[in-house]
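The primary structure of each chain is shown beneath.
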Amino acid sequence: TWYYQVPTSASSPEWITPSFTVNSWLQGNGGFGYGDGDDNTILPSTAVSVYTRVEFNIANINQIVAMALHFDYDDGFVAYLNGVEVARNGLSGTGQPAFNQLASISHEAKLYQNQLPDQVVFNQNQLAGLLTNGTNVFCVEVHNQLTNSTDFTCRNFLSVGVNNPSIT
């Protein structure tokens, strides 16, 4: 279950940080879109962007040896871990895009086509400073390329590899 918002005006830039309070945000199961058969949470067909965030707890960061982020999206995205940008495609510029910024590319979602989503892999050294023991937050914003698009997809996954045989 993710917290999400379909912004209609500028949101607080703090929405990507662990300390942000999501009291007014909606909750939905991952797989956000216009309801074309591969979405668990249906967005309004007028949505240009969606902001999603999920909190997760790490008991011992020293046991994490790798992490993979997977992105299935239509058309552009920016991803953040604990307020730090870690991946971007199809959204020009730096920093957080405007809520109504359109993606600069047309990128089709891949999972529904039985293809693999885009991924970013981090080794243990790259994770230093990105994750902490306790509460962490993974945030992704997805933007469409056209205001009158007929499809929209935001499906993201975070996986970790742990060096502890007693943990699955």
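This text gives an overview of the structure that appears in the document. (Residues numbered from 1 in each chain as written. Predicted model: local features only at pLDDT ≥ 70, side-chain atom pairs only at ≥ 80, totals over all residues. Heavy atoms only, no water.)

**Examining the pairing of strand β5 (residues 49–58)**
Then, number 1: Where burial is concerned, most of β5 is hidden: seven out of the ten residues are buried.
Then, number 2: Examined bridge by bridge, strand β1 (residues 2–5) and β5 share three bridges and lie antiparallel to one another. Of the residues in β5, the one forming a bridge with Y4 is T52. (Buried < 20%, exposed > 50% of the residue type's maximum accessible area, 1.4 Å probe, protein only. Helix = DSSP H or I, 4+ residues; strand = E, 2+ residues; numbered from the N terminus. Pairing = 2+ DSSP bridges.)

**As for the sheet that holds strand β7 (residues 76–81)**
Then, number 1: Strands sit in the order β2-β1-β5-β10-β7-β8 across an open sheet of six strands; the sheet is antiparallel. If you trace the sheet from one side to the other, it starts and ends with β2 (26–28) and β8 (84–89), each paired once. For this sheet, the mean inter-axis angle between neighbouring strands, taken without regard to orientation, is 25°. (Axes fitted to C-alpha atoms, helices over the stretch in contact; angles between N-to-C directions.)

**So, the nonpolar core**
Then, number 1: Counting residues in hydrophobic clusters, the biggest one holds 28 residues, and the most contacted among them are F71, L81, L131 and F138.
Then, number 2: Mapped by element, the contributors of at least two residues to this core are β1, β5, β6 (64–74), β7, β8 and β10 (134–143).
Then, number 3: It is β6 that contributes the most residues to this core, five residues altogether.
Then, number 4: With near-sequence residues (within four places) excluded, L81 lies in contact with F56, M67, L69, V86, L130, L131, V137, F138 and L158. (Core = buried A, V, L, I, M, F, W, Y, C linked by side-chain atoms within 4.5 Å. Contact = heavy atoms within 4.5 Å.)

**Remarks on the pairing of β8**
Then, number 1: The pairing of β7 with β8 spans five bridges and is antiparallel. Its bridge partner being in β8, Y80 is matched across the sheet by E85.
Then, number 2: Counting the residues between successive antiparallel strands, the hairpin from β7 to β8 contains two residues, one of them, N82, with a positive phi of roughly 50°.

**A short note on the sheet that holds strand β3 (residues 32–33)**
Then, number 1: Taken together, five strands build an open sheet; the order of strands is β4-β3-β11-β6-β9 and the sheet is mixed. Every other strand in the sheet has two partners, leaving β4 (41–42) and β9 (118–123) as the edge strands with one partner each.
Then, number 2: Judged from the ten bridges that link them, β6 and strand β11 (residues 153–162) form a sheet pairing that is antiparallel. Counted as the bridge partner of A66 is G161 from β11.

**Side note on the environment of L158**
Then, number 1: Take L158: it is sitting in strand β11.
Then, number 2: Separated by 111 residues in the primary sequence, L158 and A47 have C-alpha atoms spaced 24 Å apart.
Then, number 3: Apart from the residues lying within four places of it in its own chain, the contact partners of L158 are F56, M67, A68, L69, L81 and F138.

**Some details on the side chain of S49**
Then, number 1: Within the secondary structure layout, S49 lies in strand β5.
Then, number 2: Among the polar contacts made by the side chain of S49, one reaches the main-chain carbonyl oxygen of F99 at a distance of 2.7 Å.
Then, number 3: Residues within four places of S49 in sequence aside, it is in contact with V6, P7, F99, V142, H143 and F152. (Polar contact = N/O pair within 3.5 Å; in protein donor to acceptor, adjacent residues only side chain to side chain.)

**Here's the deal with a nonpolar patch on the surface**
Then, number 1: Together, V160, V162 and I167 line one region of the surface with nonpolar side chains, adding up to about 210 Å² of accessible area.
Then, number 2: Take I167: it is sitting in the segment after β11.
Then, number 3: Since its relative accessible area comes to 39%, I167 is described here as partly exposed. (Patch = residues over 30% accessible without salt bridge, like charges linked within 9 Å, V, L, I, M, F, W, Y side chains within 5 Å. Areas by Shrake-Rupley, 256 points an atom, 1.4 Å probe, with all protein chains shown as cover. Salt bridge = Lys/Arg side-chain N within 4 Å of Asp/Glu carboxyl O.)

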